[in-house]
Amino acid sequence: MIARDEIRELANFHSPETCALTFYYQPSTPQDRSHRGDSILVKDMLRNAIRDAEKGGKGACAKADLERVSAIVEALRGNGGRGKAIFACAGQNFWREYDLPPQLPKTQVILNQRFHLKPLAALMRENRKTLIVLADRTKARVFKFSNNEINELQDFFNDLSRHGKSDGFAGYDGGHAERRVSNEAAQHFKTIADYVMERYERDNFDQLLIGCHDEQWAEIEPHLHPYAKQKLIGHFRIDPKAATPEQVKEMTVQFIARHDGDEKQRLISDVIGEAHRNGNGAIGLRRVLRSLETGEVQTLLLGSNFHAAGVKCYNCGHMDLGEAANCSVCGKPNTRLDDIGDGIVGHALRNHIDIVWIDTTEEFDHIGRIAALLRFRADQNTPMKVAV
Ligand SMILES: [Zn+2]
């Protein structure tokens, strides 16, 4: 799968000559085993694009790339049921090729000044790295979950009884065995917390999840570092010693799905509430475009099914609904976008705006399948403060 840095690199790519080639390949349900119908359609699409390029003018520089893509499609033969994305610009010696899960909206070839990244970004949305720690008083196991895969990273026992003598725990050996066990457990949880912190930062995890017996949560939680607490999405009940990686994966998948669902619902309610009381919320395409332009947007909420035609000016970056031939801000010619969502996603990626993908809900459809939580309101620039 694609790392976030890579998609940001794609988003930042610019070809003023309109030679940034985006190619998405979505395998169709095979009519026959050879996928011939499929590849004939794609080849037609590419042949048309090559013919346009040969006519000169815009996209002429993409001819070599289109031919290279065409040769690849020839060899694809359904690509083993996988999708594919290629981003290329021969003029700048740029070529990136990825195999993807077959969940793209369609096969398409686009030549523009920027790559079209919405289908790719939508696929990447669940690609967060979760650090999972299972712990009880004597054991800890650490897992990584990403790209729907679980890996056990580490497994350690509390062997403090052995180490204890050299690091100051000897004093507790005097008599109260129970107290000693409890102190050893505390030390064990602290060791885990330190390890988690180090691992979390080293491997760039996005979130933390803990699995334990119910009664142990109150013992574990106080030892977590404040930063880890911020990244903690919760804890679930499991037997840390006996759990198999498959069970850990199942619990993790369920937990994340529930957590994300709640989080998204909360975000939607927040944004709608803020928008209705004229606060830090923007709903609907027109309003969100304006907020993106004024740099107000903190989090963009985009429907998985969002699709709207529009225009973009590659001179000043202005995006608009409708079909205006020229930019309403700088007057330069607009470029038509089949889906303005591509322009919006590219803008968000370049500007480090979080994108949250929302699956179809009636409530979200009702507000136009696009909304944003704002950092501030440019039109509410607190003149009161000046007056006071
Ligand atoms: Zn403009």
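One can find the structure itself at the top, above this paragraph.
Residues numbered from 1 in each chain as written. Predicted model: local features only at pLDDT ≥ 70, side-chain atom pairs only at ≥ 80, totals over all residues. Heavy atoms only, no water.

### Details of empty space enclosed by the protein
Stated precisely, the cut-off is as follows: Using protein atoms alone on a 1 Å grid, points that fit a 1.4 Å probe yet trap it form a cavity, whereas open point sets bounded by protein on both sides within 12 Å along at least five of seven lines form a pocket; residues with an atom within 4 Å of a point count as lining. Grid points are joined across faces, edges and corners, and a volume is the space filled by probe spheres set on the points. In DSSP terms, a helix is any run of H or I states spanning at least four residues, a strand is any run of E spanning at least two, and both are numbered starting from the N terminus.
Throughout the structure, instances matching the rule amount to 3 cavities of 30 Å³ or more. Computed from the structure, the largest cavity encloses a volume of approximately 80 Å³. Forming the walls of the largest cavity are A11, R114, F115, H116, K312, Y314, L337, D342, G343, G346 and R350. At 4 residues, helix α11 (residues 340-350) tops the list of elements feeding residues into the lining of the largest cavity. What the second largest cavity holds in volume is close to 60 Å³. What lines the second largest cavity is simply V133, A135, F189, I192, A193, V196, I210, I220, H223 and L224. Going through the elements one at a time, β5 (130-135) and α6 (177-202) are the ones with two or more residues in the lining of the second largest cavity.

### Thoughts on the state of the cysteines
Defined as follows: Two cysteine sulfurs form a disulfide in these notes if their separation is within 2.5 Å. Partly exposed describes any residue whose relative accessible area lies between the buried limit of under 20% and the exposed limit of over 50%, with all areas from a 1.4 Å probe on protein chains only and scaled to the type maximum.
Under the counting rule described, the total for this entry stands at 1 disulfide. Covalent S-S linkage joins C19 and C61, the inter-sulfur distance amounting to 1.3 Å. Classification of the bridge connecting C19 and C61 rests on its S-S torsion, roughly -50 degrees, and on that basis the disulfide is left-handed. Of this pair, C19 sits in the loop between α1 (4-12) and β1 (20-25) while C61 sits in the loop between α2 (36-54) and α3 (63-76), and the two are 42 residues apart along the sequence. Under the relative-accessibility criterion, C61 is labelled partly exposed at 35%.

### What about unusual backbone geometry?
It is generally the case that most residues other than glycine have a negative phi and that most peptide bonds are trans. The backbone of N93 sits at a positive phi, close to 55 degrees, despite the residue not being glycine. Checked against the element boundaries, N93 lands in the loop between β2 (83-89) and β3 (94-100). A residue is classified by how much of its surface remains accessible, and N93, at 72% relative accessible area, is exposed. Backbone geometry at R369 places phi at a positive 65 degrees, although glycine is not the residue there. In this structure, R369 sits in the loop between α12 (362-366) and β16 (370-374). Among the residues examined, R369 registers a relative accessible area of 30% and is labelled partly exposed.

### What about the pattern of salt bridges?
Short version of the rule: Salt bridges are defined as contacts in which a side-chain nitrogen from Lys or Arg sits within 4 Å of a carboxyl oxygen from Asp or Glu.
Counted by the stated rule, this structure contains 27 salt bridges. In this structure, K118 engages D339 in a salt bridge whose closest nitrogen and oxygen atoms are separated by 2.5 Å. Remark: D339 occurs in the loop between β14 (335-337) and α11 and K118 occurs in helix α4 (residues 118-124); sequence separation between them is 221 residues. Here E219 and R137 are joined by a salt bridge, their closest N and O atoms 2.9 Å apart. Pair noted here: E219 is in helix α7 (residues 217-220) and R137 is in the loop between β5 and β6 (139-146), with a separation of 82 residues, a long-range link. The network of salt bridges with common partners includes R82, K84, E97 and D99.

### Notes on the packing of α1 against α11
Basically, it comes down to this: Angles run from 0 to 180 degrees between N-to-C directions of axes, and those axes are lines fitted to C-alpha atoms, restricted for helices to the stretch in contact. Each crossing gets its handedness from the near helix: less than a right angle anticlockwise from the far helix is left-handed, clockwise is right-handed. Contacts were defined at the residue level, with two residues in contact if any of their heavy atoms lie within 4.5 Å. The classification used treats Ala, Val, Leu, Ile, Met, Phe, Trp, Tyr, Cys and Pro as nonpolar, Asp, Glu, Lys and Arg as charged, and all other residues, Gly among them, as polar.
Close contact between α1 and α11 brings their axes to 9 Å; oriented N to C, the two are set at 115 degrees. Between α1 and α11 the crossing geometry is left-handed. From α1, I7, R8, A11 and N12 reach across to α11, where they touch G346, L349 and R350. Residue composition of the contact of α1 with α11, by class: 3 nonpolar, 2 polar and 2 charged.

### Comments concerning α11
Every α-helix winds through 3.6 residues per turn, so residues three or four apart in the chain are directed the same way. Using the following cut-off: In protein, a polar contact requires one atom able to donate a hydrogen and another able to accept it; more generally it is a pair of N or O atoms within 3.5 Å, and residues adjacent in sequence count only if both atoms are side-chain atoms.
α11 sits mainly inside the fold: 11 of its 11 residues count as buried. Its side-chain oxygen 2.8 Å from the backbone nitrogen of G341, D339 forms the N-cap of α11. H352 sits one or two positions beyond α11 and adopts a positive phi of about 55 degrees.

### Comments concerning the packing of aromatic side chains
Filter applied, for reference: Planes of paired rings set the category: under 30 degrees apart is stacked, over 60 is edge-to-face and the rest tilted, where pairs are Phe, Tyr or Trp rings (Trp by its six-membered ring) whose centres lie within 6.5 Å.
Overall, the coordinates contain 8 aromatic pairs when judged by the stated rule. Seen from their ring centres, Y24 and F87 are 5.9 Å apart, and the 85 degrees between their planes marks the pair as edge-to-face. With a gap of 63 residues between them, Y24 in strand β1 and F87 in strand β2 connect regions that are remote in the sequence. Both residues of the pair, Y24 and F87, count as buried.

### A short note on the sheet that holds strand β10 (residues 281-283)
In a beta sheet, neighbouring strands are held together by backbone hydrogen bonds and run either parallel or antiparallel to one another. What counts, and what does not: Any two strands with at least two DSSP-identified bridges between them are counted as paired.
A sheet is described by the order of its strands in space; here 4 strands give the open sequence β10-β16-β11-β15, paired in mixed fashion. The sheet terminates laterally at β10 and β15 (354-358), the two strands that pair on one side only. Along the sheet, successive strands turn relative to each other by an average axial angle of 20 degrees, direction set aside. Here helix α9 (residues 245-276) sits on the sheet and contacts β10, β11 (297-303), β15 and β16; the angle it forms with β10, its principal contact strand, is near 95 degrees. Its contacts with the sheet place helix α10 (residues 285-293) against β10, β11 and β16, and it is angled at close to 40 degrees to β16.

### Some points on the coordination of the zinc ion
This is how the line gets drawn: Only nitrogen, oxygen and sulfur atoms qualify as donors, and only when within 2.8 Å of the metal (3.2 Å in the case of Na, K and Ca); with water excluded, sites may look incomplete. The rule is simple: four donors are tetrahedral if all their angles sit between 85 and 135 degrees, four are square planar and six octahedral if opposite donors span more than 155 degrees and the others lie between 65 and 115, and anything that fits none of that is irregular.
Within the protein, the atoms that donate to the zinc ion are C313 (SG), C316 (SG), C327 (SG) and C330 (SG), at distances of 2.2 to 2.3 Å. Taken together, the 4 donor atoms surrounding the zinc ion define angles of 101 to 118 degrees at the centre, an arrangement classified as tetrahedral. Counting along the primary sequence, the residues that act as donors to the zinc ion give the motif C-x2-C-x10-C-x2-C. Using a relative accessible area of 5% as the deciding quantity, one classes C327 as buried. C330 sits in the partly exposed class, given a relative accessible area of 31%.

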